[in-house]
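Structural overview for review
If you want the building blocks of each chain, they are given just below.
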Amino acid sequence: MAAHIWIIVAAVLFWNKGECQEAVLHVSNGALHKDYCLVYNSSWSNISDSLSDAVKYELVNLTYSMLCDEGTMKPGSLDGKAVAVMRGGCAFSRKAQVAQDLGAAVLLITSKEEMTTPSANHTEYGKVKIPLALMRYSDFLDAQKVFSDKMEVQLFAPPIPPFDVSIIVMLALAVFTIAMGGFWSGAVERAKQNAGPSLSGGEERADGGDVMLYSPLKVLLFVVLMCGMLVLMYFFYKWLVYVIIVIFCLASATALYSCLNALSNAVGCSKLNVSCGERSCSVRSLLLAAVCITLAVVWGVYRNEDRWIWILQDLLGVAFCLHFMKTITLSNYKICVFLLSLLLIYDVFFVFITPFLTPNGESIMVQVALGPGAGGEKGDGAVVIPADPSPSYEKLPVVMRVPRFSAWAQNLCMMQFSILGYGDIIVPGLLVAYCHRFDVWIGSNRIYFISCTIAYCVGLAVTFAVMLLSRMGQPALLYLVPFTLITSAAVALSRKEFRQFWAGTTYQMERLHIPAQR
């Protein structure tokens, strides 16, 4: 497991009206209408912020021309109309001045290239009096198919509210996952206790192959390998991303099968065993395996269909996190403190420190998380939108993604997401899982489990709050690690059980008079 520890909630969380660089082109012909993406310069063009206030213009198709000069057209021939021309040949300001001289009210420049915020020399801004915006040439061709050549257009740029409901959805999804993972780990521990302990040395393995981490040296090695993998991803992203995609498909299918199989056992579904000679197989297991493999394959094939694939990715991601939290267990609170502290340092270093070490000043964590070809806002505030609405780059499938529902114009251009790395769920989740297992060991009423889960919820809420106030992504572990570690320690101290809580499995073996090999 590599490079799973980060939170970047949307490449750009919110922009006020004055900064907005994306707009909506509303095309209509009678009752038929459709919206398309526009990119404009808010300091250059004054565009309405609502459709009801937007002026309707007849659209003239001049995409066979770059409109760098008037040619055979006469002044006033485009009086009060919107005109669509092809990008290239001359500067944006030159096209706009020619369109103005011909009487046009709006200039739309169709682009086959990557769309950037249109700009010019400051001396040219005052010469342009009409709205100017870029649109994808592919979108223009689509509009021609839908509306033929009789099109009326309206331009508007809806403002984005400072708070998006996707943050609430992400918070609920993360808390649900960590609570269910911790609950599952405790339930497995209770079942193992009822069946009798099976210990060998310092490492414990359940029948399902669950592994307990007990050695600080192994934890340190694990973190060092994560650092190495993240750096390799930064330098060799376009090759290693496919390795991660294949691993994710296999791991998520296995995890989803484990979750669904456990759920089937919990609700009492029959296995429907069928005998074939001397062997027997479970029909239920075959059906579950078929469903899980199919879902993983569907995700692999359609992984770049941002409009809907995020739902399936989140489903597989939840299953992956649950299975990891159940499978990998920490032996005591000492190991929890050591692992979470190391990963906190890892998170902060690769988010905040690496921009000072990379040639272009970018964070290694953010760059790997979003992908090197991700569109969005550049450092100078300019927006970059791919010429093709389908992304041409691969993204790491190690994040929960929820669309920014209020970013209407931005989603037309390129889907905007709030994202949360799996590691921001798994790493605190390992502590939550340990707390629930400790509850089982001492026979408490899940006080440690509930307290740590609430601490995680509060810590993540604080992360989102800081992110909104600072208008920049935050390393979630910077807040989650202190909240969960301090809360669980405070509960142990208040109950006078800290020595047991710190020692964990070792204390449990001593209390049960089970010899442990050291």
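Where an unreviewed UniProt entry is consulted, the protein chain appears under the name PA domain-containing protein, with the organism given as Pygocentrus nattereri.

Attention now goes to helix 7 (residues 283-301). Note on helix geometry: an α-helix contains 3.6 residues per turn, so any two residues three or four positions apart are oriented the same way. The end-to-end C-alpha distance of helix 7 is 27 Å, a good match for the 27 Å that 19 residues give at a rise of 1.5 Å each. Of the positions making up helix 7, those classed as buried are Arg-284, Leu-288, Cys-292, Ala-296, Trp-299 and Gly-300. For helix 7, the angular spread of the buried residues around the axis is 135 degrees, confining them to a single face. Set apart from the buried face of helix 7 by more than 90 degrees, the exposed residues are Leu-286, Leu-287, Ile-293 and Val-301. Tucked into the core, helix 7 has its buried residues touching helix 6 (237-267), strand 14 (279-282) and helix 8 (309-327).

Looking now at unusual backbone geometry. Unlike most non-glycine residues, Arg-446 shows phi in positive territory, near 60 degrees. For Arg-446, the position within the fold is in the loop between helix 12 (423-442) and helix 13 (447-470). The class for Arg-446 is partly exposed, based on a relative accessible area of 32%. The phi dihedral of Lys-496 is positive, around 55 degrees, even though this residue is not glycine. Positionally, Lys-496 belongs in the loop between helix 14 (477-494) and helix 15 (498-503).

On the surface, Phe-163, Val-165, Ile-168, Val-169 and Phe-405 cluster together into a nonpolar patch covering about 430 Å² of accessible area. The topology assignment puts Phe-163 in the loop between strand 9 (152-156) and helix 4 (166-195). You can call Phe-163 partly exposed: its relative accessible area is 42%.

What follows concerns the confidence of the model for the protein chain. Regions with low pLDDT carry predicted coordinates that are not meant to be interpreted in detail. The predicted model of the protein chain has a mean per-residue pLDDT of 83, with 85% of residues at 70 or higher. Every residue in residues 198-208 is under pLDDT 50, and counting partners more than four places away or in other chains gives 19 contacts. In this model, residues 512-518 is a region of pLDDT below 50 whose contacts with residues beyond four sequence positions or in other chains number eight contacts.

Attention now goes to the environment of Ser-331. Inspection of the secondary structure puts Ser-331 in the loop between strand 15 (328-330) and helix 9 (333-353). You can call Ser-331 buried: its relative accessible area is 3%. Distance from Ser-331 to Arg-437, taken between C-alpha atoms, is 9.7 Å for residues 106 residues apart in sequence. Only 3.3 Å separates the side chain of Ser-331 from the side chain of Asn-332, close enough to count as a polar contact.

When you line up the elements, Leu-232 lands in helix 5 (residues 216-235). Residue contacts for Leu-232: discarding those within four places in its chain leaves Tyr-237 and Leu-240.

For the rest of this paragraph, the subject is the packing of helix 4 against helix 8. The geometry of helix 4 relative to helix 8 is characterised by a closest axis approach of 8 Å and an angle of 35 degrees between their N-to-C directions. Judged by the sense of rotation from one axis to the other, the crossing of helix 4 with helix 8 is right-handed. Residues Leu-173, Phe-176, Thr-177, Ile-178, Met-180, Gly-181, Gly-182, Trp-184, Ser-185 and Val-188 of helix 4 pack against Asp-314, Val-318, Cys-321, Leu-322, His-323, Met-325 and Lys-326 of helix 8. Looking at side-chain class alone, the contact of helix 4 with helix 8 contains 10 nonpolar, five polar and two charged residues.

This part covers the pairing of strand 5 (residues 82-86). The buried fraction of strand 5 is high, at five of five residues. What you see with strand 5 is no split at all: Ala-82, Ala-84 and Met-86 on one side and Val-83 and Val-85 on the other are buried throughout. Here strand 4 (residues 57-62) pairs with strand 5 via four bridges, running parallel. Bridge pairing in strand 5 places Val-60 opposite Val-83. Bridge count for strand 5 against strand 6 (residues 106-111) is five bridges, and the pairing is parallel. Opposite Val-83, over in strand 6, you have Leu-107 as the bridge partner. Read from strand 5 through helix 1 (residues 92-101) to strand 6, the crossover connection turns out right-handed.

When the sulfur atoms of two cysteines share a covalent bond, that bond is a disulfide. Overall, the coordinates contain two disulfides when judged by the stated rule. The disulfide that involves Cys-37 links it to Cys-413, with 1.9 Å between the sulfurs. On the S-S bond that ties Cys-37 to Cys-413, the torsion sits near 95 degrees, and the link is right-handed. A residue pair is termed long-range when its members are at least 10 positions apart, and Cys-37 in strand 3 (residues 32-40) and Cys-413 in helix 11 (residues 408-413) qualify at 376 residues. Judged by its relative accessible area of 1%, Cys-37 is buried. Disulfide pairing is shown between Cys-68 and Cys-90; the S-S distance is 2.2 Å. Given an S-S torsion of about -95 degrees, the disulfide between Cys-68 and Cys-90 has left-handed geometry. Taken together, the residues Cys-68 in the loop between strand 4 and strand 5 and Cys-90 in the loop between strand 5 and helix 1 connect sequence positions 22 residues apart.

This part is about the packing of aromatic side chains. Aromatic rings considered in pairs are described by the distance between their centres and by the relative angle of their planes. Inspection of the entire model under this criterion finds 20 aromatic pairs. Aromatic side chains Phe-248 and Tyr-422 sit 6.2 Å apart centroid to centroid with 25 degrees between the ring planes, which places their arrangement in the stacked category. With Phe-248 in helix 6 and Tyr-422 in the loop between strand 19 (417-421) and helix 12, the pair connects residues that are 174 residues apart, well separated along the chain. Each member of the pair Phe-248 and Tyr-422 is classed as buried. For the pair Phe-438 and Trp-441, a centre-to-centre distance of 6.3 Å together with 75 degrees between the ring planes defines the contact as edge-to-face. Here the residue Phe-438 and the residue Trp-441 both occupy positions in helix 12, the gap between them amounting to three residues, near one helical turn. Just as Phe-438 is buried, Trp-441 falls in that class too. Site record: aromatic cluster; members linked through ring pairs are Tyr-333, Tyr-434, Phe-438, Trp-441, Tyr-448, Phe-498, Phe-501 and Trp-502. One Lys or Arg, Arg-401, reaches over the ring of Phe-417 and ends 4.4 Å from the middle of that ring.

In a regular helix each residue adds 1.5 Å, so 20 residues correspond to 28 Å; helix 12 covers 29 Å between its end C-alpha atoms and thus fits that length. The axis of helix 12 is deflected most strongly, by about 30 degrees, at Gly-429. Just beyond helix 12, the residue with positive phi is Gly-443, at close to 75 degrees.

Procedures and definitions
- Residues numbered from 1 in each chain as written.
- Predicted model: local features only at pLDDT ≥ 70, side-chain atom pairs only at ≥ 80, totals over all residues.
- Heavy atoms only, no water.
- Helix = DSSP H or I, 4+ residues; strand = E, 2+ residues; numbered from the N terminus.
- Expected span 1.5 Å × (residues − 1).
- Buried < 20%, exposed > 50% of the residue type's maximum accessible area, 1.4 Å probe, protein only.
- Arc of directions from axis to C-beta.
- Contact = heavy atoms within 4.5 Å.
- Patch = residues over 30% accessible without salt bridge, like charges linked within 9 Å, V, L, I, M, F, W, Y side chains within 5 Å.
- Areas by Shrake-Rupley, 256 points an atom, 1.4 Å probe, with all protein chains shown as cover.
- Salt bridge = Lys/Arg side-chain N within 4 Å of Asp/Glu carboxyl O.
- pLDDT = per-residue confidence, 0-100.
- Polar contact = N/O pair within 3.5 Å; in protein donor to acceptor, adjacent residues only side chain to side chain.
- Axes fitted to C-alpha atoms, helices over the stretch in contact; angles between N-to-C directions.
- Left-handed = near helix turned anticlockwise from the far one by under 90°.
- Nonpolar A, V, L, I, M, F, W, Y, C, P; charged D, E, K, R; others polar.
- Pairing = 2+ DSSP bridges.
- Right-handed = clockwise from strand over helix to strand, strands pointing away.
- Disulfide = S-S within 2.5 Å.
- Phe/Tyr/Trp six-rings, centres within 6.5 Å; stacked < 30°, edge-to-face > 60°.
- Lys NZ or Arg CZ within 6 Å of the ring centre and 35° of its normal.
- Bend = angle between axes of the 7 residues up to and from the residue.

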